[in-house]
Amino acid sequence: MKKSYWIFATILLALLLDRAGGLLLAKITKDSQFRYSQLYNGKEEADILFVGNSRGLSFYQPYAEEKTGLKTANLSYNGMPINLAAPLVMDYLDRHQPPKVLVMDVSLIDSQRMDNKLGYQFNHYSPYSQRLSDLLKNKFPNDYYAGLISHLYRYNSEVFQRTFYYWKKSDKDWLLDRVISPNMMEDVDNQKLLRFNYDKNMVAQLAEMVKYAQQKGTRVELVVNPYYPAFIPKIGNLDTLLGDLNTATGLSVKNFENAVTQTEAFGDYQHVNKVGAKLYLDKLVEAGVLETKTGMNQQ
Amino acid sequence: MIFNSLTFLAFIAIFLPIYFSLKGNARLWLSLFASYVFYGWWDWRFLTLISLSTFIDYYLGAVIRNGNILKERKTWYEVFGYGMLMSVLVLGLNLLSKTAFPQLSYLEYWYFPTLGLWLTFLVIYLTNKISTAESRGYRMMVVSMVLNLGFLGFFKYFNFFTDSFDQMLGNFGMHASWNTLNIILPVGISFYTFQSMSYTIDVYRKEIEPELNYLKFATFVAFWPQLVAGPIVRAVDFLPQFQKDHNFHWNRVITGTGRVLWGFFKKCVVADSLAPFVDQIFHEPNGFASINLVIAVFFYAFQIYCDFSGYSDIAIGFARILGFDFNENFKTPYFSQNFSEFWSRWHISLSSWLRDYLYIPLGGNRNGKFNTYKNNMLTMLLGGLWHGANWTFVFWGFLHGLYLIAQRQLGKPFGSLMSGLRFPSWMKSGVNIASTFFFTCLAWIFFRSANFGIATDVIKGIASFQGFSMVNVMNKFTVMKGFLLIGILLTIEVSNIRMHWNSLAFERPSFRVVAYATLLLLLAFFGSFGSGAFIYFQF
């Protein structure tokens, strides 16, 4: 028996260090300036709330705030699926004064381009949200229970890496800032047709989120963010998607797919860079999707 | 069943206590049963194949040494009985499921393997009939080779060769009319086939006595720790270890556990963290900035190393706990200063197998330069083909053959040049290690690519230097994590040369507790779980 003490000691030490590490990382999560930490701290008060996947990062906050004079928050994340976006938006609405407008890029309604496993990467936020906790328990039970056994496991994700990265700095300028490569420009004709794959459930989740925001008194704007001009013919069934969303939400989706025409304003086929983001935000203001502080005061 | 799964956790939790509570044949039966469960978890229909392979090599091993054994009527009854049993078993499996050969009817699925089975016995019978007492051993060894390589060839290479032949005919404006069979590659077939072959060859060479205890032999072939992805354990090293019971020993548990944890760290923490970035780039490399391609190739070098050596570590660790010793399969190969050294440190069980059963019988380096080069090249080409039915693997083998030849030709002039430059020795070693690693990575591009088109796209993309800037690095967080983990791995491996961490963990319980707890925490904090199988399962 004496020879087996080291096993118990190893497990005990691992558990102790796990809990101590978990406490430390929970503190970092709480103090971080990353968007979701701010969300769950209730410190992300904003007039305009943006949501989307990586394309939603085109809502470049510094310029949006400069252009409108209003405070913004952005809940977008690479590969964001609607079943995660909806609880995040609802949690935001529950913890803050409802924003004046919620702008959502609907191209996240696409099962092929969304990251189905992103939900479990939000494990470290699950203690702060019943909705996230339920999502994890239902969709990723192994990860959920592993997170209960090892607290460090909750922080084993890229989302936590970003939480840590933005511990002491703002994430508001997060944007894909590069210029599309000449190779990609030349190769655009060889690209496969982009079709939006979605089901009724995804549309219903979006509609539920829209309704929840509207009940809180928030105006909701559904938009399609810009695509690289030569890539637009490769987009297959966008009109069908927009029609289905219109039926489900009663809102007409504003299509800005060709709002930016300069090729150097893109990082790749689906993402504008900083130049493109600014051009796009100008268009959103022109179209009345985003109001300016002066315009609101005049009203 | 894969090591990094909850199923395996349950498997080991049940297996270990029962294993150590049994002795003698009961323990062997348990080991064999557990090994078949371990293998059958993936696809239980292929248990018939491993069982057949075991049966054939067991009998041929006995016949090679003692030709008279087949004269005994009882032996033929056993062979006939086994054949009938297998036929019925295959029919039963077929009735339960028919997805192994989806385009074949139930009847075809039954008679196909059954026909193969009886043809196999017929070949053995006829070879036995036409052989004299002097020639029987050699002929039966050849039959064993043909049958083992025949199984391997059919399951692994049938479509590859028919497709390649069809493509070749197409180049001459002709077209073959056969259909490709939808053959499933049985997991680990290359490993256990080579393991069984080493047995019959060693028996023929009189390096070992034939194992007449079927239970021991079957357990040797199917022993679960190394069954599906090696190391390829030689009969001469492994079979004698079955001659006695291995009692539970704390020393073995201590060192074995350390090895298992280290293997899991390599696989779940390093390899599986690097895999998504590598997969994304190699899926369609066009359009990615060259810096991403360079990072992907670098990451792949470490992914495959950690994936495969991680498996070996886990296998060696569990075998050690169970009382068995396997030879080392990897010895920090990326610190090799030339390619001969690389092959003495990378997948040692395969490279030494190829050396002993192919390179040396071909003549090795004994018959002049040309023959040495030819033997080098042939061994590496077959080594490449062993990995998979794809010309990219063959080309990978070709490149390594070329490196070995170039090293023989240019090694001395290069050495003289380095001496002339009067670099300090650490710098010389550094240059040698870096250049060996560079060329190894170049070959990995072909190994990882699904076809030559992708490989050339990767090389062209890197050579263009387009977008070779940090700004263009995609998935920066994944990349940062990847470099951090490679850094941790290298720090531990380099410091191990001086510190001998495993010995330290064995000698000092306090260090052991801290080290093992740290590995557990690293697994929890960085590990990727559920991302799937080990790369070498497919080989």
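Conventions adopted
- Residues numbered from 1 in each chain as written.
- Chains lettered and ligands numbered in written order.
- Predicted model: local features only at pLDDT ≥ 70, side-chain atom pairs only at ≥ 80, totals over all residues.
- Heavy atoms only, no water.
- Axes fitted to C-alpha atoms, helices over the stretch in contact; angles between N-to-C directions.
- Helix = DSSP H or I, 4+ residues; strand = E, 2+ residues; numbered from the N terminus.
- Parallel < 35°, antiparallel > 145°, perpendicular 65-115°, else oblique.
- Left-handed = near helix turned anticlockwise from the far one by under 90°.
- Contact = heavy atoms within 4.5 Å.
- Nonpolar A, V, L, I, M, F, W, Y, C, P; charged D, E, K, R; others polar.
- Domains from an automatic or database assignment.
- Buried area = accessible area lost by both parts, 1.4 Å probe.
- Salt bridge = Lys/Arg side-chain N within 4 Å of Asp/Glu carboxyl O.
- Polar contact = N/O pair within 3.5 Å; in protein donor to acceptor, adjacent residues only side chain to side chain.
- Buried < 20%, exposed > 50% of the residue type's maximum accessible area, 1.4 Å probe, protein only.
- Arc of directions from axis to C-beta.
- Core = buried A, V, L, I, M, F, W, Y, C linked by side-chain atoms within 4.5 Å.

K.L.:
Help me get a handle on the packing of helix H10 (residues 250–283) of chain B against helix H18 (residues 476–499) of chain B, residues and values and all.
P.N.:
Residues and elements named next belong to chain B. Contact pair H10 / H18: the axes reach a minimum separation of 9 Å and the direction vectors enclose 150°. Relative to H18, H10 is oriented roughly antiparallel. With respect to the hand of their crossing, H10 and H18 are arranged in left-handed fashion. On H18, the residues touching Trp262, Phe265, Lys266, Val269, Val270, Ser273, Leu274 and Phe277 of H10 are Thr478, Val479, Lys481, Gly482, Leu485, Ile486, Ile488, Leu489, Ile492 and Glu493. When its residues are assigned to classes, the contact of H10 with H18 shows 12 nonpolar, 3 polar and 3 charged.

K.L.:
Talk me through the domain arrangement of chain B; I want residue IDs and the actual numbers.
P.N.:
All names here are of chain B. Assigned domains of chain B: these are domain 1 (21–159 + 185–241), domain 2 (246–330 + 476–539) and domain 3 (337–468). Taken together, the 13 residues of domain 1 in the interface contact 14 residues of domain 3. When domain 1 packs against domain 3, close to 1200 Å² is buried across both sides, 61% of that on carbon and sulfur atoms. Where domain 1 touches domain 3, the interface holds 1 salt bridge. In this structure, Arg234 engages Asp356 in a salt bridge whose closest nitrogen and oxygen atoms are separated by 2.8 Å. If you look at where domain 1 meets domain 3, you find 6 residue pairs in polar contact (both at pLDDT 80 or more).

K.L.:
Lay out helix H6 (residues 141–149) of chain A with the relevant residues and their values.
P.N.:
All names here are of chain A. Of all the residues in H6, the buried ones are Asp143, Tyr144 and Gly147. Down the axis of H6, the sector holding all buried residues measures 105°, keeping them to one side. Exposed and facing more than 90 degrees away from the buried side of H6 are Asn142 and Ile149. For H6, the elements touching its buried residues are helix H5 (130–139).

K.L.:
Go over the nonpolar core, please, and point to the residues and values.
P.N.:
Generally speaking, soluble globular proteins have nonpolar side chains that are buried together. Ranked by size, the top nonpolar core spans 152 residues in total, and within it Trp224 and Tyr334 of chain B carry the most contacts. Apart from the residues within four sequence positions on either side, Trp224 of chain B is in contact with Phe3, Phe8, Phe11, Ile12, Phe15, Ser31, Ala34, Ser35, Phe38, Tyr311, Phe318 and Leu322 of chain B. One finds Leu49, Leu135, Tyr166 and Val210 of chain A within the second-largest nonpolar core, a separate group that totals 85 residues.

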